[in-house]
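A structural walkthrough
Spelled out, the chains give:
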Amino acid sequence: VQLQASGGGTVQTGGSLRLSCAASGRSFSTTNMGWFRQPPGKEREFVAAIGWSGDRTTYADSLQDRFHISRDNAKNTVYLQMYRLKPEDTAVYYCAAATVKYGPPTRRADGYGYWGQGTQLTVSS
């Protein structure tokens, strides 16, 4: 499966942005999807995940009140809507497709076998 993340850029503190991830090459509608991020100089961390049908979501505890994950299976696309952005949200954001179809979405990076190239988000203070 190929994943293409887009929508990154530079925004001011307090702003909003939506990332998109277009998938191809596999049955998207039966695959759980996730977003991760890697801040500069830090390890990659979980952001959010969504089940294959869209009815299950899970978030990093510190982000669930500002970030929202969704998907459009007709467009083979998963989204990450981000609100009230902070400088500490600055990172490269990666979308990922789960290795195993169905089941609940996982927060574990090793549950995702397919990764996009990442898109940079910079939040200026």
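Described below are features of the structure shown in this document. (Residues numbered from 1 in each chain as written. Predicted model: local features only at pLDDT ≥ 70, side-chain atom pairs only at ≥ 80, totals over all residues. Heavy atoms only, no water.)

Side note on the packing of aromatic side chains
In plain terms, the rule: For Phe, Tyr and Trp, rings pair up if their centres lie within 6.5 Å, where Trp contributes its six-membered ring, and each pair is then called stacked (planes under 30 degrees apart), edge-to-face (over 60) or tilted (otherwise). The helix count covers DSSP runs of H or I at least four residues long, the strand count covers runs of E at least two residues long, and both are numbered beginning at the N terminus. Here the term buried applies to any residue with accessible area under 20% of the maximum for its type, exposed to any over 50%, and partly exposed to those in between, with areas from a 1.4 Å probe on protein chains only. Charge-over-ring placement is defined geometrically: NZ (Lys) or CZ (Arg) within 6 Å of the ring centre, and within 35 degrees of the ring normal.
Applying the stated criterion across every chain, the model contains four aromatic pairs. For the pair Phe 36 and Trp 115, a centre-to-centre distance of 5.0 Å together with 55 degrees between the ring planes defines the contact as tilted. Residue Phe 36 is found in strand 4 (residues 33-38), and its partner Trp 115 is found in strand 10 (residues 112-115); the two are separated by 79 residues along the sequence. Residue Phe 36 is classed as buried on the basis of its relative accessible area, which comes to 2%. Ring geometry for Tyr 112 versus Trp 115: centroids 6.4 Å apart, planes at 65 degrees, classification edge-to-face. The exposure class assigned to Tyr 112 is buried, which follows from its relative accessible area of 4%. Taking relative accessible area as the criterion, Trp 115 reaches 28% and is therefore assigned partly exposed. What links up through ring pairs into an aromatic cluster is the set Phe 36, Phe 46, Tyr 112 and Trp 115. The aromatic ring of Tyr 94 is capped on one face by Arg 44, whose charged end is 4.0 Å from the ring centroid. Over the aromatic face of Phe 28 sits the side chain of Arg 71, whose NZ or CZ is 4.3 Å from the ring centroid.

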